[in-house]
Amino acid sequence: MASIAITDGMAADAQKKLVELGHEIALIDVDEQKLLEGALRNFDAVIVRSATKMTADVINLSTNDGGSLR
């Protein structure tokens, strides 16, 4: 299944559901600099709420396969 980064927090029951569905989750704390350094590169998906800003530059630097995040 997918490797999912959660950057802005998420309810525990929602996290549990993702794990039950077979996904691997990581709660990570990233600032803009870390995002621009590709901190999300090894994830298949990213869950954000409002603090993390997914700009075009961040998305392009976060791909692990030369494509775009799904």
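Conventions used here
- Residues numbered from 1 in each chain as written.
- Predicted model: local features only at pLDDT ≥ 70, side-chain atom pairs only at ≥ 80, totals over all residues.
- Heavy atoms only, no water.
- Pairing = 2+ DSSP bridges.
- Helix = DSSP H or I, 4+ residues; strand = E, 2+ residues; numbered from the N terminus.
- Axes fitted to C-alpha atoms, helices over the stretch in contact; angles between N-to-C directions.
- Polar contact = N/O pair within 3.5 Å; in protein donor to acceptor, adjacent residues only side chain to side chain.
- Contact = heavy atoms within 4.5 Å.
- Salt bridge = Lys/Arg side-chain N within 4 Å of Asp/Glu carboxyl O.
- Buried < 20%, exposed > 50% of the residue type's maximum accessible area, 1.4 Å probe, protein only.

**Concerning the sheet that holds strand β2 (residues 24-27)**
Move 1: The parallel open sheet is built from 3 strands, whose spatial order is β2-β1-β3. Of all the strands in the sheet, just β2 and β3 (45-47) have a single pairing partner and so form its edges. Strand-to-strand twist in this sheet, taken as the mean axis angle between neighbours without regard to direction, amounts to 25°.
Move 2: Note: strand β1 (residues 3-6) against β2, 4 bridges, orientation parallel.

**Here's the deal with the side chain of His23**
Move 1: Structurally, the position occupied by His23 is in the loop between α1 (12-20) and β2.
Move 2: At a separation of 3.2 Å, a polar atom in the side chain of His23 contacts the main-chain amide nitrogen of Ala2.
Move 3: What His23 contacts, discounting residues up to four positions off in sequence, is Met1, Ala2, Ile4 and Leu18.

**Let's talk about the pattern of salt bridges**
Move 1: Per the counting criterion, the structure on display carries 1 salt bridge.
Move 2: Ionic pairing is found between Lys16 and Glu20, a salt bridge with its closest N-O pair at 3.9 Å. Here Glu20 and Lys16 lie together in helix α1, a separation of 4 residues that amounts to about one turn.
Move 3: Judged by relative accessible area, Lys16 falls into the exposed class, the value being 54%.

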